[in-house]
Amino acid sequence: MSYTPPTLPPFPGETTPTRRVHSEARWTARRVTRPRSQSLSTKLTRRFEIEWWTGIDVQSAVHLAPALPVFEQAFGAFAHGVLVQTTKGPVAVEDLVPGMFLECAGGHTSQLLWKGAITLVPGAPSMSETPDRLYRVMPDAFGLGRPSQDQTFGPHARRFNSDPKVRAALGAETALVPFSATADGMSVIEVNPVAATRVYHLACEKHETIMAAGMEVETYHPGPDAALSLSEEMMQHFLMFFPYIRNIRDFGRLTAPRISAAELMAIG
């Protein structure tokens, strides 16, 4: 049985960009109950920073928004210093500029359209059920040169997993697995940050698996849960983070099915 990802339902949204000219140019869906009420007056807020490529220049904006987990997941995959492979060589994630072209796992390239960033503050109030943790991947953890030096990823990073058991269970050649699922205290070490830590996420023309530190790591995609769990008001707010799209369907399809740490453990 082959894997065919579902498309997302439409949610129209408007965006109001703040211009900052840059000189450099060029699923298996799960049923989620919609919350009874969500309000932008949520007391817990976070500063969300975004940059995006318009096709002509780079623009940027800062949003103070509710610290909803679904919002935070769009910003927390790569820690400071992770090397991402571009057509001009490896570049630290914090130095990437929308408009650049990234090397993808399939041997092709894809243009970086969006970069988001937030700062994780230890002990800060949160709506998440679990504290934010980082994952330090030691050299050669996933094979020779994968990675070539230790790299740290954010709480919402996922990488390709082509284990035969995963293929058999999902009927797909590969799956996207969170780094938390492979944390063993030796090759992948779970880290509780002790100081404020900046983390990033990236989005391309479509959902991709880019080469980061020699590993295949996914770019951002909201998955099916975002469309099903957010109220219309919060969906409009969510879309403000992504001014280069008009509605959530513009993210397209997932390149591979996602599997949680618990689901991976159940497969054995």
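The notes below deal with the structure included here. Here the structure is a predicted model, which means the values were calculated and not measured.

Concerning the nonpolar core
Formed by 31 residues in total, the largest nonpolar core has its most connected members in Phe-78, Leu-96, Phe-153 and Phe-179. Of all the elements in the fold, those that place two or more residues in this core are strand 7 (109–120), strand 8 (134–137), strand 13 (197–204), strand 14 (209–212) and strand 15 (215–218). In this structure, Ala-65, Phe-71, Ala-74 and Phe-75 belong to the second largest nonpolar core, which totals 29 residues.

What to know about the pattern of salt bridges
Two side chains of opposite charge can pair, provided their charged atoms sit close to one another. With the rule as written, the count across this model stands at eight salt bridges. Arg-133 serves as the salt-bridge partner of Glu-190, at 3.3 Å between the closest nitrogen and oxygen. You can see Glu-190 sitting in strand 12 (residues 188–191) and its partner Arg-133 sitting in the loop between strand 7 and strand 8, a full 57 residues away along the chain. The class of Glu-190 is partly exposed, set by a relative accessible area of 42%. Accessibility expressed as a relative area gives 24% for Arg-133, which makes it partly exposed. The salt bridge involving Glu-218 is made with Arg-158; its shortest N-O contact spans 2.8 Å. With Glu-218 in strand 15 and Arg-158 in strand 10 (residues 158–161), the pair connects residues that are 60 residues apart, well separated along the chain.

So, the side chain of Gln-151
For Gln-151, the location among the structural elements is in strand 9 (residues 151–153). Judged by relative accessible area, which is 5%, Gln-151 ranks as buried. In terms of polar contacts, Gln-151 uses its side chain to reach the backbone amide nitrogen of Leu-83, at 2.9 Å. Excluding its chain neighbours within four sequence positions, the residues that come into contact with Gln-151 are Gly-81, Val-82, Leu-83, Tyr-135, Arg-136, Val-137 and Ala-213.

What counts and how
Every chain begins its residue count from 1, and numbering advances along the sequence as written. With pLDDT at 70 or above as the cut-off, local features in this predicted model cover only qualifying residues; side-chain atom pairs require 80 or more to be listed or tallied, and sums for whole chains, interfaces and linings still use all residues. In computing side-chain values, all of the structure's heavy atoms are included and hydrogens and water are not. Each nonpolar core is a collection of buried residues, namely Ala, Val, Leu, Ile, Met, Phe, Trp, Tyr and Cys, held together in the definition by side-chain atoms within 4.5 Å. For every residue, the accessible area obtained with a 1.4 Å probe (protein chains only) is divided by the maximum for its type, and the residue is called buried under 20%, exposed over 50%, and partly exposed between those limits. Think of it this way: any DSSP run of H or I at least four residues long counts as a helix, any run of E at least two long counts as a strand, and we number them from the N terminus. What counts as a salt bridge is simple: a side-chain nitrogen of Lys or Arg found within 4 Å of a carboxyl oxygen of Asp or Glu. Counting of polar contacts relies on pairs of N or O atoms within 3.5 Å, with two restrictions inside protein: one atom must be capable of donating a hydrogen and the other of accepting it, and residues adjacent in sequence are counted only when both atoms are side-chain atoms. Contacts were defined at the residue level, with two residues in contact if any of their heavy atoms lie within 4.5 Å.

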